[in-house]
Amino acid sequence: MSAHLAQYAGIAVGVVIFVAAAVWPAIALVTQALVDGQPATPYSFPQGIFLRSVFLAFGGTLAALLLAMPGALVVARLGRRRLDGWIAGMLIAPLIFPVMVYAFGWDRVLKVPGELRCVWVWATWAWPVPALVLGWGWARLGRRRYEAALLSASPPPAFLHGVFPILWRQVLACGLLLFAFFLGDYTVPHACGLIVYATELLLAAESSPHPRAALVAALPVAAAIALSLLLALMVWRERPEIDESDDADLAASAGWSRWLAPLLTAICVGVPLVGLMHSVPVTASVAETLDTYCREIVVSLGVAAAGGVATVLMGAALATLPGVRWLALGWALVWAALPGALIGSSVISAYLRIPSVYDHWLIMVIGYVARFGWVGIVVGLLAQTGVGRAQLKSARIDGAGAVAASWRVALAGNLPTLACGALVVSALCLSEACTTALVRVPEVNPIALILIEKFHRFEDEILVGISLLLVLGALPGAVLAGVVSRR
Amino acid sequence: MMDCNRLNLRGDLFVRILTGAALIGLAGCEPPPLTESGVVGVFGRPGLGPGEFTYPRALTIDAQGRVYVVDKSARIQRFSPDGEFQVAWSLPEKQAGKPVGLYAHTDGRLFVADTHYHRVIVYDFDGVELARFGEPGNGDGQFQLPTDVAVDARGSIYVSEYNGNDRVTRWSQDYKFVQTVVSGEYAGASLRRPSAIDIDAEQTLWVADACNHRILHFDLEGRLLGKWGAMGREAGALRYPYDIDGTSDGGLLVCEFGNNRIQWFDRAGKSQRTWGFLGRRLGELWAPWGAAIGPNGRLYIVDSLNDRVQILKP
């Protein structure tokens, strides 16, 4: 009885969180925008900034894809089944570190114009994603053709003529996904001293009490992102059938190259971090940061942890419901594509008239769930498809309902995945700056915003101190991601 | 930020604000405080329209008591002493960043520390540009992120700046560089972001050494007369003092961005009292960036993250 109660209570809480963080804010944003009418200051579309943002996002995408090729080669040579969990973990883990910190670090070692640095930071941060996707595709579809082509050509032409004709869909889908992300990103351009459309959007949302202003301003970028995602989905759905028989005897051919991807990762992560640490006395900086912002750090950690747990609880609950999970995933994908400023505006529209939420840290937790709810749903679905499928079938045969089997077998058997998800989302929340700039309360001074403040005021000591603490905060999630990917 | 919308939600409070603001305007009529903490008025709400703010961060008051506020949209707005909007104008450029310092001189000049363009722009009180001086750099006659301006009784202009060039420089009445007055190490710590300066009636210079969480006191030749403050939250301690203004009794009031409060000191640096704490309601402050005492004796506080200016009867 108590197990039933816990199961239904857990699911109910998850659904309530979904409604509170996704459904209600969306409704409130649209209705408030309709009620408000035209804002006093009409919105003028900054065409030049938009074009520049598109150009930068395109540059970042291209650079990330190029940088991903060595990593993809490693993954391809190792093969999906033989891919060392630690290598996969090492590829994934740096994505959890706050990208802003990379930008600050590269700023100290890469003295180039902001546009180039922005493209470089995006590429060096995001390349593991296409590396894994392309590498797996390469291993399953084009490895033999590539190796045959290598007999008569060097690697680049061998890739172009042997692999690309088969993998172009994966390349295009990855490119579109990255483009969508870069176009909506606020932090890296900001840290590189650039004004992009996401910056303008945040300013529009900050400077107007009317959500309509943010909604109208978000339409071009949201449309571009949605189009990119739609194209990516269409391209992905048309990929050819996979012949996995190709994946049998690959480990022996991996050789030294298995360490190429981790080496690239170490350079991409290590150089900016060393650059950051080299610029000021680290111990003194961290000590001053802790001395000055101890309370803020503790509170930020607490709220971010609450955001991580709530997000994963929501995702796990939705993934348990058979009829709802794919709908939730679809919703999550659309929601993930929306700019952070728009999400912040929607949460404020939803809770502005509810002081018990609006005035307290709870609204920040809701804001975090709204921002990263899609990650929670992906984690929930991963948990459903992870270990325990045999037990799941046994439970169904023994008479358990679909929901009960999902909740008690699949989720219970995948607690490490859920814990990893919660840590990852907490790390993302800790470094989230765009939504947080709108959804904030006096009692919580998020360290991500303090970091931006220090960047603007050239307070290098505290900037380095907070950056290192953010990396430290992301470390448990990164380590656990490695552990889980090994399983 | 949208936080000030809360004011609209609390009808009773909003009426009290309007009533209080209106009463301030009646000659000889002392308005009732809006809060027990002594707030007698408030103006501003989020937005880009007249009388609206988006993250206001500096304020100054002219001899007639009119209040000038600059915000993150790089607009300077002028208000009557009771907070009624009068006129607004924008800085010529704003892409690189927005000003953080204003100073209204008694002769009708408004000095704007155009921080991210490394210059000072001089306007009249209606927004007509009169002059500009300074250029980017670390040398004489150059600025790195100027933060504030003050003028002494002889008409010499003082400008504070930071970002590796943390110092206070003196300029002639016709905007020519004269000398560096304050720079380097004082009492064991180098100047770290002098965010505000003030020259008092006795012609001494006060400097808010923000990142060292302290106040420095100099004569106009740059000789250190005193210093106080250390990082902390208790009375007497400071946390990111962003603005200062002299009080009628020769003391100093300090606007603490980090502690969300105003703190009064006597001339020797002894804390007299504090006012304000973190929050959104009237009488509470959220990241206050600037404060100044008007000729009417009232204290005007830039309540930055609440997008408003609170008027306090000290």
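None of the values given here were measured: they were computed from a predicted structure. (Residues numbered from 1 in each chain as written. Chains lettered and ligands numbered in written order. Predicted model: local features only at pLDDT ≥ 70, side-chain atom pairs only at ≥ 80, totals over all residues.)

Colleague: Explain the sheet that holds strand β14 (residues 167–171) of chain B to me, please; I cannot follow it from the model alone.
Modeller: The strands that make up a sheet are held in pairs by hydrogen bonds between backbone atoms, and each pair lies either parallel or antiparallel. Residue and element names in this part refer to chain B. Taken together, the 4 strands give an open sheet; going across it, the order is β12-β13-β14-β15, and neighbouring strands pair in antiparallel fashion. In this open sheet, the two strands that pair with only one neighbour each are β12 (146–151) and β15 (177–183). The average undirected angle you get between the axes of adjacent strands in this sheet is 25 degrees. In the sheet, strand β13 (residues 157–161) pairs with β14 via 5 bridges, with the strands oriented antiparallel. Paired with Y158 across the two strands is R170, which belongs to β14. (Pairing = 2+ DSSP bridges. Helix = DSSP H or I, 4+ residues; strand = E, 2+ residues; numbered from the N terminus. Axes fitted to C-alpha atoms, helices over the stretch in contact; angles between N-to-C directions.)

Colleague: Got a minute to help me understand the domain arrangement of chain A in this structure?
Modeller: Much of the literature gives interface size as the accessible area that the parts lose upon coming together. Residue and element names in this part refer to chain A. Split by domain assignment, chain A resolves into domain 1 (1–35 + 280–487) and domain 2 (37–244 + 257–274). The partner domain 2 presents 34 residues to the 33 residues of domain 1 that form the contact. Considering every element that reaches the side of domain 1 that touches domain 2, the biggest residue donor is helix α23 (residues 460–486), with 11 residues. (Domains from an automatic or database assignment. Contact = placed C-beta atoms within 7 Å.)

Colleague: Would you mind showing me how to read the environment of A437 of chain A here?
Modeller: All names here are of chain A. You can see A437 is positioned in helix α21 (residues 434–438). Judged by the 21 C-beta atoms lying within 10 Å of it, A437 falls in the buried class. The spacing of A437 and L463 is 26 residues in sequence and 18 Å in space, taken between C-alpha atoms. Residues within four places of A437 in sequence aside, it is in contact with L202, E206, G344 and L449. (Buried ≥ 20, exposed ≤ 12 C-beta atoms within 10 Å, placed from the backbone.)

Colleague: I tried to follow the packing of helix α15 (residues 340–351) of chain A against helix α17 (residues 362–385) of chain A on my own but got confused; where do I start?
Modeller: When two helices pack together, you describe them by how their axes are tilted relative to each other and by the distance separating the axes. Residue and element names in this part refer to chain A. Their axes nearest at 10 Å, the elements α15 and α17 cross at an angle of 135 degrees. What the angle tells us is that α15 and α17 run oblique. For the crossing formed where α15 meets α17, the hand is right-handed. Between α15 and α17, the residues in contact are G340, I343, G344, V347 and Y351 and I363, I366, G367, A370 and R371, respectively. (Parallel < 35°, antiparallel > 145°, perpendicular 65-115°, else oblique. Left-handed = near helix turned anticlockwise from the far one by under 90°.)

Colleague: Whenever I open this one, the pairing of strand β23 (residues 252–256) of chain B confuses me. Can you help?
Modeller: The side chains of a regular strand alternate between both faces of the sheet. Residue and element names in this part refer to chain B. Counting buried positions over the 5 residues of β23 gives 5, a clear majority of the element. Both faces of β23 are covered, namely the face carrying L252, V254 and E256 and the face carrying L253 and C255. Of the pairings in the sheet, the one linking strand β22 (residues 241–246) to β23 comprises 5 bridges and is antiparallel in character. Note that in β23 the partner of D245 across the bridge is L253. Of the pairings in the sheet, the one linking β23 to strand β24 (residues 261–265) comprises 5 bridges and is antiparallel in character. By the bridge assignment for β24, V254 is matched with Q263. What sits between β23 and β24 in their antiparallel hairpin is a turn of 4 residues, with N260 showing a positive phi close to 50 degrees.

Colleague: Is there a simple way to explain the interface of chain A and chain B in this structure?
Modeller: With 16 residues of chain A at the interface, the matching set in chain B holds 20 residues. Every element with two or more residues in the side of chain A that touches chain B is listed here: α9 (197–207) and α13 (282–320) of chain A. Broken down by class, the residue content of the side of chain A that touches chain B amounts to 7 nonpolar, 4 polar and 5 charged. (Nonpolar A, V, L, I, M, F, W, Y, C, P; charged D, E, K, R; others polar.)

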